[in-house]
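Commentary on secondary and tertiary structure
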Amino acid sequence: MSVFEFYRDRNVLVTGHTGFKGSWMCRLLALAGAKVTGYALKGTAEPDFFEVCQAGEHVFSEIGDVRDLEHLKEVFDRGQPEIVIHMAAQPLVRESYRDPVHTYETNVMGTVNVMECVRLTPSVRSVVNVTTDKVYRNREWAWGYREDEELNGFDPYSNSKSCSELVTSSYVNSFFRDRQIAVSTCRAGNVIGGGDFAADRIIPDCVRAARAGKEIALRNPHSTRPYQHVLEPLRAYLSVAEAQYYDKALSGSYNVGPNEPDCRTTGELAGMFCTAWEKAAGNALQWVSRQEDGPHEANFLKLDCSKIKNIIGWRPVWDVETAVQKTVEWWITYLNGGDIARCMDNQMMEFFNRPMDSWV
């Protein structure tokens, strides 16, 4: 069953719906015909991607903090979701060094509150907690981490997500094992795509440099990351939620990342961006290494995604070069004052290989 058949008319609650991935998720679920309730703080990036892509026109959007259990429970009671996709988080490594308390409060206690609401809401059947590829204790080795590797993220962001995994596991063992509630965690690699306006991320930094006519300054050009287009993990989250809805035995933890040849260095990714940007906009770009004595970040990170491929049947659709091209396409559309919603819909139709008249 395709996600568009399964999610039609289903009640879905998405936390973090105003963020980068959340906004894409809202448009995707709305096009699939789902009844979406979103719960999140108002977007902090400028401009606000949630508003830019008009995602709020298609969902019931509740502005709230996942640290507020009472408010969150009211939204669960009102929405009566069958499916819960938990994406609300403080998602930035460098911000976690600046404000570790807020990071832990949001990423750990936020997960506790979501799981508590799930425990108290009889309508819920399937839950996906979105964490990160950085939950593992990084040993800087050349092969991909598997789901049974040690969880012990180094920095406050990564570690708080490791804790979120443990919170989820505890709730499963303590409260959900004998109930018809299937819960999985998905550990996604580095995500790129149109609409990411955040600071301290590679593609937004590239776009800002391009707009200013400056060189792209890279802090860690030799760091290897599992880069993938935002639609890849979104399809994985929805596929996992659907599969475990019908078979609880399929729930667990899943890595979500590109095929191994698409795990590239930041310098290689920036080079692809320069090539795609010059082709689309006609402006030549180049990147330079500006390494600095900043906080610790992992140098080498890969994921072994054989589990989700074998059990769920998920596979990446776009390689990393296509992901960069689609990202640049979005940005050129945005900077030229084009129709962002249509650009995103067209990319989703191409990604899912569906004709226009098949969309709700």
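The sections below set out a description of the structure shown in this document. (Residues numbered from 1 in each chain as written. Predicted model: local features only at pLDDT ≥ 70, side-chain atom pairs only at ≥ 80, totals over all residues. Heavy atoms only, no water.)

**Description of the layout of surface pockets**
In this model, the second largest pocket occupies a volume close to 280 Å³. In terms of lining, the second largest pocket is formed by 16 residues, of which the most central are Glu165, Ser169, Thr185, Gly252 and Ser253. When contributions to the lining of the second largest pocket are tallied by element, the ones reaching two or more residues are helix H7 (156-176) and strand E6 (182-188). For the lining of the second largest pocket, the leading source of residues is H7, giving six residues. Its residues assigned to classes, the lining of the second largest pocket comprises four nonpolar, eight polar and four charged. (1 Å grid on protein atoms, 1.4 Å probe; cavity = no way out; pocket = protein on both sides within 12 Å on 5 of 7 lines; lining within 4 Å. Points joined across faces, edges and corners; volume = space filled by probe spheres on them. Helix = DSSP H or I, 4+ residues; strand = E, 2+ residues; numbered from the N terminus. Nonpolar A, V, L, I, M, F, W, Y, C, P; charged D, E, K, R; others polar.)

**Here we look at the sheet that holds strand E2 (residues 35-40)**
One open sheet holds the seven strands; their spatial order is E3-E2-E1-E4-E5-E6-E11, and the pairing between them is parallel. The sheet terminates laterally at strand E3 (60-63) and strand E11 (253-256), the two strands that pair on one side only. Averaged over all adjacent pairs, the angle separating strand axes in this sheet is 15 degrees, with direction ignored. Sheet topology places strand E1 (residues 11-15) next to strand E4 (residues 83-86); four bridges connect them, and they run parallel. Residue pairing in the sheet places Val12 in a bridge with Ile83 of E4. (Pairing = 2+ DSSP bridges. Axes fitted to C-alpha atoms, helices over the stretch in contact; angles between N-to-C directions.)

**Side note on the packing of aromatic side chains**
Aromatic ring pairs are reported here in terms of the distance separating the ring centres and the angle at which the planes meet. Taken as a whole and judged by the stated rule, the model has 19 aromatic pairs. Residues Tyr136 and Tyr145 carry aromatic rings whose centres are separated by 5.4 Å and whose planes lie at 10 degrees to one another, so their mutual orientation is stacked. Since its relative accessible area comes to 3%, Tyr136 is described here as buried. Where Phe197 meets Tyr334, the ring centres are 5.5 Å apart and the plane angle is 70 degrees; that geometry is what we call edge-to-face. Taken as a pair, Phe197 in the loop between strand E7 (191-192) and helix H8 (202-212) and Tyr334 in helix H12 (residues 320-335) lie far apart in primary sequence, 137 residues in all. Residue classification places Phe197 among the buried residues on the basis of a relative accessible area of 11%. Among the aromatic side chains, those forming a connected cluster through ring pairs are Phe20, Phe49, Phe197, Trp330, Trp331 and Tyr334. Between the NZ or CZ atom of Arg10 and the centre of the ring of Tyr245, over which it lies, the distance is 4.7 Å. (Phe/Tyr/Trp six-rings, centres within 6.5 Å; stacked < 30°, edge-to-face > 60°. Buried < 20%, exposed > 50% of the residue type's maximum accessible area, 1.4 Å probe, protein only. Lys NZ or Arg CZ within 6 Å of the ring centre and 35° of its normal.)

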